[in-house]
Structures are given as structure tokens and as C-alpha cells.
Amino acid sequence: MGKVVMRYPGSVLQESWDAEVPVRGGVNDLAALVGAGGVCVLSGAGLSTDSGIPDYRGPSSAARRHTPMTYEAFVHDPAARHRYWARSHVGWPQIDRARPNPAHEAVAALQRCGLVESVITQNVDGLHQAGGARDVVELHGALARVVCLACRVELDRAVVQAELARVNRGFDTAVSGLRETQVNPDGDVELPPELEAAFTMIDCPACGDGPLKPDVVFFGESVPRPRVDRCFDLVAQARSLVVLGSSLAVMSGLRFARAATRAGTPVAIVTAGPSRADDLARVRLASPLGEVLPALVRALRA
């Protein structure tokens, strides 16, 4: 069996795992696990690809042409921060227009019927909540929020976006033809340098000084410890951990699958392509989530 070496910046561990997906079981096996209740869902970018948001490592991956923003660059390099906001300003409307797909709705349905007890997502798009899920733990934050790195005020992205539009009327006219360009997983789009330079960034409206940052965990940035502890608690309380749409390529998500296994809690993984936790999975499916999860709901309602 061949090996694939996946290399990513920042906090991502550079490690290899089997390229072949070891499929184990089917929808009925997944239904037996989920039907026992007490499920903790851990979701990744693969859950949102059917909503038009690409992932980093799956079949729709933009990783080959796009390097994600790192925390170090954003905080310490004003030019990188300016470039990010110019691109994000153009890409945000596509993220904002994204709507939950049948996979998000299926997770919410399983939560409403009491089988899914908790939802942890690595996604920053808010689509779980838009699809009806409750009390979602956003492990990596949310693009819909913005924080000031100086005064720590939290702002609604819509408010920031409106102010950016007000001071960038000429820029918006110049990039109007690019607004349907494929958005990157960071929520931004590629722009030529001359357009990036034409963008005007705003200061924090609260303190008038500090740089603004989307309330997401960039590559190389640590997830806040209380949030991590909350996730470990949810996994510890679960009867099973069901991973949806994640390769678990980063330790940020992989650690929860490992914790579940150490505790004797069964793990199921449904995602396209290889996962770093494939050897831990009792049930392992590679079918599309938009097909598997609605089928799962139907099987449990039968």
C-alpha cells in the first residue's frame, strides 16, 4: 500500500499515512452506531464542499494553488495582512451566500431526534447553525466575526464589510468582475498585486488603532485552551465519535479521535480520501456525505 506525504504550514504535523481508504462497513453499520445515541460529531471542510466552499485536502482542494494565511504572517507582516483583507473583502460575499446542504441538514435532524448529543466543527462557515444544529462548538472560530488585536472588541463581519465597501467604492468597481471567482478555503480570492495595492483597510472602529482579524484560528495559531478542553469533555461524554468530512490532517482534530480510541469509544469516519485516523475507525466510509447522511437519517427513521 502506497504512502502519501502531506505537508502543511504552521501547526500542521508533517506526517504520512496510507493513500488507500480502508472502507469498513456501510450505512447500516453507521446506523447501528449512531442509533445507540450519545453521538459526538466532529466535522471538517468536506461537509461544506457541496455548499460551494472548497476544502484544503479533499477532491475539491485548492491547496495546490493557494497557500493559506499563517498567524505569524498576519500578525507580524502588515503587507500580508493588507493582502489578506483585500482578498477576503472580495471573497466574503460568496461565503456569506453559501447555504447549508443536505449533509448539514442531516446532522441537525439527528440532533433534533436526540441521537447526536454534540457537534464540534473545524469549519468557520457557520453552515451547521444555518442548517439547524444547536450549541455547535466552532473549534477554529467563525469568519462571520471579527476581533481587534489591540482592544479585543468583537465585531459582526457584516458591519466591517459594509464599512470596507464604503471606503473602497473604486476598488469594488475594479474587482466587480472577479466576485464570481472560486473562493479559497480561507474565504478569500486571488487578486493581482495592483488591485491588492488599491485596497484601503480600516482601523478598529472601537479603539481606532488595533488591526482587525477574522475570529478564526489561522495556521500556526493555537486554539484557545478552554475551547479545546470543552471539546475533550464532549468527546469523553460521548458513546461514539463520528467524523464527517475531515482528513484529520492537523492535530487540532486528530487528537479527539485519538482520545476517543484511548477511552474505548468507537470512532466512525465518513470522508473522501485518506484520513490520519483510518486505523482507528470501526466504521469507515468514503461515499459522498450528501448521500450518506440523508440515507442514514432515512435508515434510522424506518
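These figures come from a predicted structure and were not determined experimentally. (Residues numbered from 1 in each chain as written. Predicted model: local features only at pLDDT ≥ 70, side-chain atom pairs only at ≥ 80, totals over all residues. Heavy atoms only, no water.)

Visitor: Quick one: what's the story with the UniProt feature "binding site: Zn(2+)" (unreviewed entry) in the protein, residue by residue and with numbers?
Guide: When the UniProt feature table is mapped onto this chain numbering, "binding site: Zn(2+)" (unreviewed entry) sits at C148, C151, C204 and C207. These annotated residues cover 60 residues of sequence, but their C-alpha atoms sit close together, with the largest distance between any two at 8.6 Å. The class for C148 is buried, based on a relative accessible area of 0%. Here C148 is in contact with V153, C204, C207, G210, P211 and L212, once residues within four sequence places are set aside. Here C151 lies in the loop between β6 (141–148) and β7 (154–156). When its relative accessible area of 35% is taken as the criterion, C151 is described as partly exposed. Excluding residues that lie within four positions of it along the chain, C151 makes contacts with C204, A206 and C207. (UniProt positions renumbered as here; feature names shortened; annotations may be inferred. Buried < 20%, exposed > 50% of the residue type's maximum accessible area, 1.4 Å probe, protein only. Contact = heavy atoms within 4.5 Å. Helix = DSSP H or I, 4+ residues; strand = E, 2+ residues; numbered from the N terminus.)

Visitor: Which residues make up the nonpolar core, and what values go with them?
Guide: Within soluble globular proteins, side chains that are nonpolar generally end up buried alongside one another. Core analysis: the biggest nonpolar cluster contains 31 residues, and Y84, W85, L143, V160, F171, L191 and L212 have the highest contact counts within it. Secondary structure elements with two or more residues in this core: α3 (78–97), β6, α6 (157–167) and β8 (212–216). Counting residues per element, this core draws most heavily on α3, which supplies seven residues. A domain split of this core shows at least three residues from each of domain 1 (22–53 + 100–140 + 223–301) and domain 2 (66–97 + 143–216). One finds A109, L115, V116 and L293 within the second-largest nonpolar core, a separate group that totals 28 residues. (Core = buried A, V, L, I, M, F, W, Y, C linked by side-chain atoms within 4.5 Å. Domains from an automatic or database assignment.)

Visitor: How would you explain the pairing of strand β9 (residues 240–244) if you had to name every residue and give the values?
Guide: In terms of burial, β9 is largely enclosed, as five of its five residues are buried. What you see with β9 is no split at all: S240, V242 and L244 on one side and L241 and V243 on the other are buried throughout. Here β9 pairs with strand β10 (residues 267–270) via four bridges, running parallel. For V243, the partnering residue across the bridge sits in β10 and is I269. For the handedness criterion, the β-α-β arrangement of β9, helix α10 (residues 251–262) and β10 is classed as right-handed. (Pairing = 2+ DSSP bridges. Right-handed = clockwise from strand over helix to strand, strands pointing away.)

Visitor: Explain the environment of L191 residue by residue, including any values.
Guide: Here L191 lies in the loop between α7 (169–174) and α8 (193–198). On the basis of relative accessibility, which here comes to 6%, the residue L191 falls in the buried class.

Visitor: Mind laying out the packing of helix α4 (residues 102–112) against helix α11 (residues 289–301), listing which residues take part and the relevant values?
Guide: At a minimum axis distance of 8 Å, the contact between α4 and α11 shows a crossing angle of 30°. Classified by the angle their axes make, α4 and α11 are roughly parallel. The element α4 and its partner α11 pack so that their crossing is left-handed. Counted together, P102, A103, A106, V107, A109 and L110 of α4 and L289, G290, L293, P294, L296, V297, L300 and R301 of α11 form the full contact between these two elements. For the contact of α4 with α11, the residue count by class is twelve nonpolar, one polar and one charged. (Axes fitted to C-alpha atoms, helices over the stretch in contact; angles between N-to-C directions. Parallel < 35°, antiparallel > 145°, perpendicular 65-115°, else oblique. Left-handed = near helix turned anticlockwise from the far one by under 90°. Nonpolar A, V, L, I, M, F, W, Y, C, P; charged D, E, K, R; others polar.)

Visitor: Outline the UniProt feature "active site" (unreviewed entry) in the protein, listing residues and values.
Guide: Annotation from UniProt places "active site" (unreviewed entry) at H140. Inspection of the secondary structure puts H140 in the loop between β5 (137–138) and β6. In this structure H140 touches T121, Q122, V124, D215, V216, V217, V223, R227 and S252, once residues within four positions along its chain are discounted.

Visitor: Tell me about the sheet that holds strand β11 (residues 283–285), residues and numbers included.
Guide: Adjacent strands of a sheet pair through backbone hydrogen bonds, lying either parallel or antiparallel. Taken together, six strands build an open sheet; the order of strands is β5-β4-β3-β9-β10-β11 and the sheet is parallel. Two strands close off the open sheet at either side, each with one partner strand: β5 and β11. Judged from the three bridges that link them, β10 and β11 form a sheet pairing that is parallel. Counted as the bridge partner of V270 is L285 from β11. Relative to the sheet, helix α1 (residues 27–35) contacts β3 (39–43), β9, β10 and β11, its axis offset from that of β11 by approximately 135°.

Visitor: I'd love a proper account of α11, names of residues and values included.
Guide: Along its 13 residues, α11 runs 18 Å from first to last C-alpha, staying within 8% of the 18 Å computed at 1.5 Å per residue. Buried residues of α11: L289, V292, L293, P294, L296 and V297, and no others. Against the buried residues of α11 lie α1, α4, β9, β10 and β11. (Expected span 1.5 Å × (residues − 1).)

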